[in-house]
Amino acid sequence: MIKKAAKIVGATTAGIAVGFAGACLGFYASRLNTIKSLKKITKTCTPFDLYRIDVRYKYDLDRLIERCCSNDEEIVNAMLREALPFVPVKINAPEFGCTCFCAQDDHHTFMGRNYDFKLDTSALMVHCAPKDGYESIAFAALDNLDANQAISSFRSKVACVPSPLVCLDGINEAGVSIAVLTLDSEPTRQYTGKPVLATTVLIRLVLDRASSTEEAIDLISKYDTFATNGRDYHFFISDANGDSRVVEFDCDTSDRRTVVTKKRTAANYFAAHEDKVVPNQRNGKYGHGMERYVAVEEVLNSTNQNVNLEDACWSALRASSQLPNPNDITSNTQWSILFDNKSLTATIAIRRNWTAKFRFAINGVLQG
């Protein structure tokens, strides 16, 4: 009887071991398949290029949010535990400045976005198709993953695996697009007892779960927000119906309450306090960059029915783009994107190279 029991225990233990090994193999196989999908898109030999990746592993967004707290180290650790547990990979909490706008005609709803940051970076197009969320394409700065040469080594390839959790802008299959822009105010830290959303986790939440701008705002309202890396941010969100709004955390309130403003164009200043901002200067905690807002608005206001709207949007992106300035964190346009919330595409130009554009469909496939 004892021998029989021992055999049963031994068989059970062996079964558990085999099951655990199989689970581990499946766990890392999906991440290896993600790594295998990594490709360089641009044909240049410069230090900074465009890459793409398909996320073929399952991340648990709710579990990630549960692990996040109000400091950068814990948030980064939570991201790595979700994407690459037990693997020593470095992530830098991102900083960025930008300009965004929304423009619409009978056939298109565009969201234009310049990603500006003084430190050079390669760009990574990240395709996600979660079983429990919306399919999306989004873009991450590879400098934040310490992987500007993404395919140069296995270490760099592994570093791209957490990319869905650090994207800076994107569009989902429901026609919702979102981008983050930096501000000059003290970093937001909301403390109401709700679960905490870090900056780029908020973007992933919207891409995976929002079917409209209104739903995105409702989702965000269920969480407290924490601005990473010692800077403050706001978010520009638009949908296929042309509902574009800026989501901010008011610097004039002690609790940094959430404020939503309907706007066609946004830059690195509080839309809710636009009356306190003037162009071509810093305006204290209220921000800067109104001259880029003015440049975009001038282009859009001069556009008529005889002008192709897509061409006009690229003109607006070019008018608001910025050359490098080592003394300005929101200078140096790294990429310019035109999301189409109706056709579900993203067209990107890298580092102000306006003659070389790359268009991706919502399934991540490069078109032409």
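Conventions used here
- Residues numbered from 1 in each chain as written.
- Predicted model: local features only at pLDDT ≥ 70, side-chain atom pairs only at ≥ 80, totals over all residues.
- Heavy atoms only, no water.
- Helix = DSSP H or I, 4+ residues; strand = E, 2+ residues; numbered from the N terminus.
- Contact = heavy atoms within 4.5 Å.
- Areas by Shrake-Rupley, 256 points an atom, 1.4 Å probe, with all protein chains shown as cover.
- Expected span 1.5 Å × (residues − 1).
- Buried < 20%, exposed > 50% of the residue type's maximum accessible area, 1.4 Å probe, protein only.
- pLDDT = per-residue confidence, 0-100.
- Phe/Tyr/Trp six-rings, centres within 6.5 Å; stacked < 30°, edge-to-face > 60°.
- Pairing = 2+ DSSP bridges.
- Axes fitted to C-alpha atoms, helices over the stretch in contact; angles between N-to-C directions.

**Comments concerning the overall build of the chain**
Inference 1: The secondary structure content of the chain amounts to 8 helices and 18 strands.
Inference 2: For the chain, contacts bridging at least 24 residues in sequence account for 65% of all contacts bridging at least 6.
Inference 3: Within the structure as shown, the chain displays about 15,700 Å² of accessible surface, and the carbon and sulfur contribution to it stands at 54%.

**Here's the deal with helix 7 (residues 290–301)**
Inference 1: The first and last C-alpha atoms of helix 7 sit 16 Å apart over 12 residues, in line with the 16 Å expected at 1.5 Å per residue.
Inference 2: Inspection of helix 7 places Met-290, Arg-292, Tyr-293, Ala-295, Val-296, Glu-297, Val-299 and Leu-300 among the buried residues, and these make up the whole buried set.

**With respect to the confidence of the model for the chain**
Inference 1: Mean pLDDT over the chain: 90, with 90% of residues reaching 70 or higher.
Inference 2: Segment residues 1–24 is flagged for pLDDT under 50; beyond a separation of four residues in sequence, or across chains, it makes 0 contacts in the model.

**Things to note about the packing of aromatic side chains**
Inference 1: Inspection of every chain in the model, using the stated rule, returns 8 aromatic pairs.
Inference 2: Measuring from centroid to centroid gives 6.1 Å for Tyr-269 and Tyr-293, while their planes differ by 75 degrees, and the two rings are edge-to-face. With a gap of 24 residues between them, Tyr-269 in the loop between strand 14 (265–266) and helix 7 and Tyr-293 in helix 7 connect regions that are remote in the sequence. You'll find Tyr-269 and Tyr-293 in the same group, each marked buried.
Inference 3: Ring pairing ties together the aromatic residues Tyr-115, Phe-139, Trp-335, Phe-339 and Phe-360, which thus form one cluster.

**Observations regarding the sheet that holds strand 1 (residues 39–40)**
Hydrogen bonding along the main chain pairs the strands of a sheet, whether they run parallel or antiparallel.
Inference 1: Within the open sheet, the 9 strands sit side by side as 1-2-5-6-7-8-11-12-13. Their pairing is mixed. The strands lining the two open edges of the sheet, one partner per strand, are strand 1 and strand 13 (258–262).
Inference 2: Of the pairings in the sheet, the one linking strand 11 (residues 232–238) to strand 12 (residues 245–249) comprises 3 bridges and is antiparallel in character. Residue pairing across strands places Phe-235 opposite Val-247, the latter belonging to strand 12.
Inference 3: Across the sheet, helix 5 (residues 199–209) touches strand 5 (123–128), strand 6 (136–141), strand 7 (169–172), strand 8 (177–183) and strand 11, and the angle it forms with strand 8 is around 165 degrees.
Inference 4: Set on the sheet, helix 6 (residues 213–220) makes contact with strand 11, strand 12 and strand 13; between it and strand 12 the angle comes to about 10 degrees.

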